[in-house]
Amino acid sequence: MPEPAKDKDKSAKWLIEHHGDAILRLGGVTDLVRWQAAAAELVLPTKLPDGLLFAWRAGRDHPEPFVVEIATYPELRAAEQALRDLLLVYLVRGEVANILVLVLRPKGQLRVPDHAHRPGSDGVTALGGWWRVVELWTLPAEPVLATADPGMMPWVPLMHADEPPEIVLQRCREVIDRHAPADEHESLITVTQVFTRLRYKDPKLLSILGGKTVMIESPLIREIVAESSHKHILKFLVTRFGPVPPELAAEVRSILDETVLDAVVELAASSPDLEHFGAGVRAIPRPPEPWDPADEPEPNA
C-alpha cells in the first residue's frame, strides 16, 4: 500500500485535474461558467504548485488563473510556497494569479498565514502578497452534500458535520454511485477513501467506501504504487549508466502492471547498457488491459 502522503498528493492532483470546479467553489467562486486545468510545468519553471486552473467567470471577458496548494496540516512553508506561486505566475505570465490554499486537517493552534511580507535590506523595497486559505474542517458538510455533485464528495469527510461519520460517508457514497460518470466512479470512491483515512482510522467506516478491496483494485492507486517503482528503476539506471534519455524514462513511467515492473527491475540490474535495457523493456509481454464495455462497438440497428 502506498505511503499516506504520496497517496494524498496523487489524489489531490487527480481532483484538481478532473474536478477543479469543485475546488474553485470551495474557494468561494460562485459565478463559474467553465474551467480548465492547465499543466503547471508549462507555466512555472521551478518549484511547481499542486495545480493551476483557469476559470471563466460570469461577466468577465477573460479567464483568470487560480493556483492551488493543498496542505495536509497547517505549515508555515505553505505560505512561503503561496508567495512563490504568486511571484512565479507574475514573472512568467505578467498577471497576478488568485492563490488558493486548502488545508485538510487541523494541528493544534497552527494556522497557515493568508499573507506574507518580505522587506528588502534598504528598508524601502518589499515583496508581499495575500491569498485565500480554506480550512476544510471549518466548512459545513451539509450544503456540500446537498449539491449532489460527485466531485465535491471526496472533501466532505474532512468537513464539519452534525451527523455521525457513518451517515456522512454513506451519503457521499450514494451521491457518487448515482451521479458520477462511469469512467470516474472508481477513482472518486478511492479519493474519498484516501481523504477519509486522513481523519478516521476505523476500518468499519472505510468499509462503507469499499475498504481495502477498492484501494487495491483502483487504477489511481495502481498508478501511485507504480510511481515508486519508476523512481527506483530510473535512479538505478542513472547510477549504472548515467543520464537516461527522456524517451526511455517516459517508457518506464508508462508501465503500471506490477508483474511487468518486476521484470523491468531485473533488466535494470542485468542489462549491459541502456540500449539493451530499452530493447528488453519493449520485448516484455504485456498483460491484456481490463475489458471495458465502452470499448465494444455499437450493435447494429
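Relevant structure appears above.
Residues numbered from 1 in each chain as written. Predicted model: local features only at pLDDT ≥ 70, side-chain atom pairs only at ≥ 80, totals over all residues. Heavy atoms only, no water.

This paragraph deals with the environment of Gly-51. Its location among the elements puts Gly-51 in strand S2 (residues 51-57). Taking the C-alpha atoms as reference points, Gly-51 and Gly-20, 31 residues apart in sequence, are found 9.0 Å from one another. Setting aside anything within four residues of it in sequence, one finds Gly-51 in contact with Ile-16, Phe-66, Val-67 and Val-68. (Helix = DSSP H or I, 4+ residues; strand = E, 2+ residues; numbered from the N terminus. Contact = heavy atoms within 4.5 Å.)

On to the packing of helix H11 (residues 258-270) against helix H12 (residues 274-283). Direction vectors running N to C along H11 and H12 enclose 160°, while the axes themselves pass 9 Å from each other. By the criterion of interaxial angle, the relationship of H11 to H12 is roughly antiparallel. Where H11 crosses over H12, the two elements pack in a sense that is right-handed. Taking contact as the criterion, the partners of Val-264, Leu-267 and Ala-268 in H11 are, on H12, Phe-277, Gly-280 and Val-281. Class assignment of the residues belonging to the contact of H11 with H12 gives a composition of 5 nonpolar, 1 polar and no charged. (Axes fitted to C-alpha atoms, helices over the stretch in contact; angles between N-to-C directions. Parallel < 35°, antiparallel > 145°, perpendicular 65-115°, else oblique. Left-handed = near helix turned anticlockwise from the far one by under 90°. Nonpolar A, V, L, I, M, F, W, Y, C, P; charged D, E, K, R; others polar.)

Glancing now at the packing of aromatic side chains. Summed over the entire model, instances satisfying the criterion amount to 1 aromatic pair. In this structure, Arg-34 packs its charged tip against the face of Trp-56, placed 3.8 Å from the ring centre. When the ring centre of Tyr-73 is taken as origin, the NZ or CZ atom of Lys-107, which lies over that ring, is 5.9 Å away. (Phe/Tyr/Trp six-rings, centres within 6.5 Å; stacked < 30°, edge-to-face > 60°. Lys NZ or Arg CZ within 6 Å of the ring centre and 35° of its normal.)

None of this, on its own, says anything about what the molecule does.
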